[in-house]
Amino acid sequence: MCFHCACMVEGIFLIWTYNFMIDEENNMNFHVLTLFPQMILDGLNTSITGRAIKKGCLSIEAVNIRDYATNKYGSVDDYPYGGGAGMVMQAEPIYLACQDVMKRISTPHPRVIYLSPQGKTFSQKMAVELSKEEDLIFLCGHYEGVDERVLEMIVTDEVSIGDYVLTGGELPAMVMMDTISRLVPGVLNNDDSAVFESFHSNLLEYPQYTRPAEFMGRKVP
Ligand code: ADE
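Residues numbered from 1 in each chain as written. Predicted model: local features only at pLDDT ≥ 70, side-chain atom pairs only at ≥ 80, totals over all residues. Heavy atoms only, no water.

Quick word on the site of the ligand
And step 1. Around the ligand, the surrounding shell consists of Leu115, Ser116, Pro117, Val159, Ser160, Ile161, Gly162, Tyr164, Val165, Leu166, Gly168 and Pro172.
And step 2. In this structure, a nitrogen atom belonging to the ligand sits 3.2 Å away from a main-chain N or O atom of serine 116.
And step 3. Note that a nitrogen atom of the ligand is positioned 3.1 Å from one of the backbone N or O atoms of glycine 162.
And step 4. For the ligand, the accessible surface in isolation is 260 Å², of which the surrounding protein chains cover 96%.
And step 5. Elements represented by at least two residues in the shell around the ligand include exactly strand 7 (111-121) and strand 9 (157-160).
And step 6. Counting residues per element, the shell around the ligand draws most heavily on strand 7, which supplies three residues. (Near = heavy atom within 4 Å. Polar contact = N/O pair within 3.5 Å; in protein donor to acceptor, adjacent residues only side chain to side chain. Areas by Shrake-Rupley, 256 points an atom, 1.4 Å probe, with all protein chains shown as cover. Helix = DSSP H or I, 4+ residues; strand = E, 2+ residues; numbered from the N terminus.)

Structural notes on the sheet that holds strand 3 (residues 28-34)
The pairing of strands in a sheet comes from backbone hydrogen bonds and takes either a parallel or an antiparallel form.
And step 1. Spatially, five strands are ordered 4-3-8-7-9 in an open sheet, and the strand pairing comes out parallel. Of all the strands in the sheet, the pair left with one neighbour each is strand 4 (58-64) and strand 9. Neighbouring strand axes in the sheet, compared pairwise and without regard to direction, differ in orientation by 30° on average.
And step 2. One ladder, built from seven bridges, connects strand 3 with strand 4; its direction is parallel. Residue histidine 31 lies in a different strand from strand 4, and its bridge partner there is glutamate 61.
And step 3. On top of the sheet, helix 6 (residues 170-181) reaches strand 3, strand 4, strand 7, strand 8 (135-140) and strand 9; it is set at about 160° to strand 8, its chief contact. (Pairing = 2+ DSSP bridges. Axes fitted to C-alpha atoms, helices over the stretch in contact; angles between N-to-C directions. Contact = heavy atoms within 4.5 Å.)

In structure tokens form, the structure reads like this:
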């Protein structure tokens, strides 16, 4: 984008031009706290998000919570107080992993999103709001849950992707990151398509057709 300024100084007409470049350098940095980092990387380093990462308008970091285990066995879960089935993810490794990310990023108070079926339901509107952030931290839970104390300490948003229960937060985090990514400048080839596409503007898109003009007796209308 060019911006021209002009003025008269002692009878001389001066004109100068500012050039504004759209900065496609890491418009969005995702940081995912997970026990399955490879799942996140495999899921997002492909297709449109993979291309955007290579282009430099997105970055995705998968932080292995197990690397922050504080006992010699490397375990990150324990039995629930009060009994009950399953294991609960411990507070300390998650807290340390999150602090480590926060130390490295420039956003002073990043949003930390905990994926859970009890959270606020994810929507396109929420994606638009989140796409304006520079850094987003996702916390993926597993087993029977996460020690509530660390959630109270670090989480800013608890989000569900729908009224059903998955085995962990990785797939929901990937759904959110994929949705948010396509709203980040430079990720789609044509930035306008994100704005005008059906879901974003709450309209239903027309059915799409391509060649051949007739397929098994069905013609393109
Ligand atoms: N973890 C398990 N089920 C989930 C859901 N539906 N949404 C977000 N996180 C989850």
